[in-house]
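Listed here are the chains, written in short residue letters.
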Amino acid sequence: MWPKTLKNAPGQGNYLEFLARRDKSVGAFLHVTGSIRQNGGAPSDSGADGGNTCLEGVPVAVKDNIAVEGMPLTCGSRILEPLVSPYSATAVERLERAGARVVGKTNLDEFGMGSSTETSALGETNNPWDVSRVAGGSSGGSAAAVAARMVPVALGSDTGGSIRQPAAFCGVYGLKPTYGTVSRHGLVAYASSLEVIGAAAESVDVLEAAYAAMSGSDVMDQSSLDHPVPPPDSGATRIGFLGGELGLSPEVAENYARFVEALGDAGYETEEIALSTLEYVVPAYYTIASAEASANLARFNGVRYGHRTDYSENPEELIRKSRTEGFGSEVKNRIVLGTYVLRSGFQDQYYLRAQKIRTLIRREIERAFAGVDLICSPVFPTQAFPHGSKEMDAFQQKVADRFTGTANLAAIPALTVPSGLAGGLPVGMQFMAPPFGEGRLFAAARTIGEIFPVEFPPGMEPPWAADRE
Ligand code: GLN
């Protein structure tokens, strides 16, 4: 378990040394703080649960596309490498007011674009279960930091699966909340209509505490929602599991079958469901995400933020050279694709069509929830793949987003739960709930957690274990 306060852990200095030591083989962090700030701030008056004391002293890592005052905010990109954030994201502020302590910034695919953390320009993150494999992405550093017991909880962002997929690869919990329930103020925008801040965590308790502390409306984010934190909900009785030909690896297929069986053993009524829109998730997601990315990333031009080219003859050249030098190839691909689908005269054909498909996906999900309380599906067709995998190239990684993208397009909450090991590597399954159904997700995760408790890589003890009974 995580320490109630950092006092239970070895001294701060020792803890930071421990982080540096353990992270040598994992590479979860891009930045570790020199000293953990003790936040003397008043209890939150704006967070949904500012009085939450269960996070007191809990070390938390933050994905490096979420602002923490005084820390770098690189987004895993050369273009923002020089940037130090002058302010903190609302989610971070609220966590700190609830007592959590930010210990560092974690690695990610550049601007959140990818599924392996390999598109980061600033470092490689390894899976703590097998360092020759990826931790997943784009919040790979956050999931790896939790799996390697460096922190009990780490913030991530999820645009199309970026918290849930690395959580599955690393064997930890990963929550993508209902769109709008966590303020995006201070999250560097990738695809604004799809993404939300959430977290990877070692237990449902700490995940729930973090979500309760972070969520609630925020004047700094017009899309944030003033929805009360859902009460604990154990009301789910019927679970629909996604059936049909899902294209899973043999290990994941076998694990999925066992997981569905376990749901029955745990007392849920299970029924197979089909989602006819599943095959449209990836094309719709990438059309919308790239379109929004091309607009959102236009602000990184070498004039106001981050990297600026050494020499240019005129402003156009300054912008072109700064962007050419600053962005990696995956980001450039997406900007080009996004600009293409938005170009004048062609919006009907691509962007607006994708929006219509998005509506159909949302409607089908609504219909499905008329018959079941939760939907269960795999998170990703495979387990963590090797670094530089040819089979799982950038295209195949996108195709594999088919199970996670639905929740973003439909703006519903979804949770990855660990479902055991296969061949020494973790597998994770996903629950999706109707909007604001986080309580239902946590309840189901606790129930199924009795059957599939979280496991950690051998030898990766947390630094605070010695202080506890
Ligand atoms: N793999 C997806 C992408 O590359 C998801 C990323 C995310 O959720 N940030 O866009």
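Residues numbered from 1 in each chain as written. Predicted model: local features only at pLDDT ≥ 70, side-chain atom pairs only at ≥ 80, totals over all residues. Heavy atoms only, no water.

Asks: I tried to follow the packing of helix H5 (residues 204-214) against helix H13 (residues 438-451) on my own but got confused; where do I start?
Replies: The geometry of a pair of packed helices is captured by two quantities: the angle between their axes and the separation between those axes. At a minimum axis distance of 10 Å, the contact between H5 and H13 shows a crossing angle of 170 degrees. One element, H5, and the other, H13, form an angle in the roughly antiparallel class. Of H13, the residues touching H5 (which contributes Val204, Asp205, Leu207, Glu208 and Tyr211) are Glu438, Phe442, Ala445 and Arg446. (Axes fitted to C-alpha atoms, helices over the stretch in contact; angles between N-to-C directions. Helix = DSSP H or I, 4+ residues; strand = E, 2+ residues; numbered from the N terminus. Parallel < 35°, antiparallel > 145°, perpendicular 65-115°, else oblique. Contact = heavy atoms within 4.5 Å.)

Asks: Even after reading the chapter, I still don't get the environment of Val341, so can you show me in this structure?
Replies: Locating Val341 in the fold gives a position in helix H9 (residues 329-342). As for Val341 and Thr309, which are separated by 32 residues in sequence, their C-alpha atoms are 29 Å apart. Residues contacting Val341, with those up to four places away along its chain left out, are Thr287, Ala291, Phe346, Gln347, Tyr350 and Tyr351.

Asks: In this structure, what is going on with the site of the ligand? I would like to understand it.
Replies: Lining the immediate environment of the ligand, one finds 15 residues, of which Thr159, Gly160, Ser162, Tyr190 and Tyr285 sit closest. In this structure, an oxygen atom belonging to the ligand sits 3.3 Å away from a main-chain N or O atom of Gly161. Contact with the protein chains hides 99% of the accessible area of the ligand, taken as 290 Å² for the molecule alone. Classifying every residue of the shell around the ligand gives 4 nonpolar, 8 polar and 3 charged. (Near = heavy atom within 4 Å. Polar contact = N/O pair within 3.5 Å; in protein donor to acceptor, adjacent residues only side chain to side chain. Areas by Shrake-Rupley, 256 points an atom, 1.4 Å probe, with all protein chains shown as cover. Nonpolar A, V, L, I, M, F, W, Y, C, P; charged D, E, K, R; others polar.)

Asks: Help me out: how do you make sense of the pattern of salt bridges in this one?
Replies: Oppositely charged side chains can pair when the atoms bearing their charge come close. The full count for this structure, using the stated rule, is 13 salt bridges. Taking the shortest distance from any N to any O, the salt bridge between Glu56 and Arg101 comes out at 3.4 Å. Taken together, the residues Glu56 in the loop between strand S1 (29-32) and strand S2 (59-63) and Arg101 in strand S3 (residues 101-106) connect sequence positions 45 residues apart. One salt bridge connects Arg184 with Asp221, and the closest N-O pair in it is separated by 3.9 Å. (Salt bridge = Lys/Arg side-chain N within 4 Å of Asp/Glu carboxyl O.)

Asks: Where do I start with unusual backbone geometry in this structure?
Replies: As a rule of thumb, non-glycine residues mostly have phi less than zero, and peptide bonds are mostly trans rather than cis. With omega at 10 degrees, the peptide bond leading from Gly137 into Ser138 counts as cis. Among the secondary structure elements, Ser138 is positioned in the loop between strand S5 (130-134) and helix H3 (140-147). For Thr117, which is not a glycine, the phi torsion comes out positive at approximately 65 degrees. By secondary structure assignment, the location of Thr117 is in the loop between S3 and strand S4 (126-127).

Asks: How should the packing of helix H2 (residues 90-97) against H5 be read in this particular structure?
Replies: Direction vectors running N to C along H2 and H5 enclose 115 degrees, while the axes themselves pass 8 Å from each other. When the interaxial angle is binned, H2 and H5 end up roughly perpendicular. Taken as a pair, H2 and H5 cross one another with a handedness that is right-handed. Contact residues: H2 offers Ala91, Arg94 and Leu95, while H5 offers Ala210, Ala213 and Met214. (Left-handed = near helix turned anticlockwise from the far one by under 90°.)

Asks: Could you clarify how one ought to interpret helix H10 (residues 351-371) in this entry?
Replies: Residues spaced three or four apart along an α-helix face the same direction, because each turn holds 3.6 residues. Compared with the 30 Å implied by 1.5 Å per residue over 21 residues, the 31 Å span of H10 between its first and last C-alpha is a close match. Within the sequence span of H10, burial applies to Tyr351, Ala354, Arg358, Ile361, Glu364, Ile365, Ala368 and Phe369. Buried residues in H10, looked at end-on, bunch into an arc of 140 degrees, giving them a common side. In this structure, H10 carries Arg353, Lys356, Glu366, Arg367 and Ala370 as exposed residues pointing more than 90 degrees from its buried face. (Expected span 1.5 Å × (residues − 1). Buried < 20%, exposed > 50% of the residue type's maximum accessible area, 1.4 Å probe, protein only. Arc of directions from axis to C-beta.)

Asks: Please clarify how the pairing of strand S7 (residues 173-176) should be interpreted in this entry.
Replies: Neither face of S7 is exposed, since Tyr173 and Leu175 on one face and Gly174 and Lys176 on the opposite face are all buried. The pairing of S7 with strand S8 (residues 196-201) spans 3 bridges and is classified as antiparallel. When the sheet's bridge partners are listed, Tyr173 is paired in S8 with Ala201. Note that S7 and strand S12 (residues 414-422) share 3 bridges and pair antiparallel. Paired with Leu175 across the bridge in S12 is Leu415. (Pairing = 2+ DSSP bridges.)

Asks: Please explain the packing of aromatic side chains as it appears in this structure.
Replies: Two numbers describe a pair of aromatic rings. These are the distance of the centres and the angle of the planes. By the definition in use, this model includes 12 aromatic pairs. Ring centres 6.0 Å apart and planes at 65 degrees place the aromatic pair Phe111 and Phe327 in the edge-to-face group. Linking Phe111 in the loop between S3 and S4 with Phe327 in the loop between helix H8 (315-326) and H9, this pair joins segments that are 216 residues apart in sequence. Residue class for Phe327 comes out buried when judged on its relative accessible area of 5%. Here the guanidinium or amino end of Arg149 rests over the ring plane of Phe456, the centre of that ring lying 3.6 Å away. Over the aromatic face of Phe346 sits the side chain of Arg343, whose NZ or CZ is 3.5 Å from the ring centroid. (Phe/Tyr/Trp six-rings, centres within 6.5 Å; stacked < 30°, edge-to-face > 60°. Lys NZ or Arg CZ within 6 Å of the ring centre and 35° of its normal.)

Asks: Quick question: what am I supposed to make of the nonpolar core here?
Replies: Soluble globular proteins tend to pack their nonpolar side chains together in the buried interior. Within the largest apolar cluster, 73 residues are counted, with the highest numbers of intra-cluster contacts made by Leu95, Leu155, Phe259 and Phe431. The leading source of residues in this core is H5, at 8 residues. For Leu155, the residues in contact, after removing those within four places along its chain, are Val60, Ala61, Val62, Lys63, Ile66, Val92, Leu95, Ser142, Ile197, Gly198, Ala199 and Met214. (Core = buried A, V, L, I, M, F, W, Y, C linked by side-chain atoms within 4.5 Å.)

Asks: What should I look at first to understand the pairing of S3 in this one?
Replies: Two faces, one strand: in a regular strand the side chains alternate between the faces of the sheet. Across the 6 residues of S3, 6 count as buried, placing the element largely inside the fold. Of the strand pairs in this sheet, S1 and S3 are connected by 3 bridges, and their pairing is antiparallel. Within S3, the residue paired with Val32 across the bridge is Gly104. Looking at chain direction, S2 and S3 are connected through 5 bridges and run parallel.

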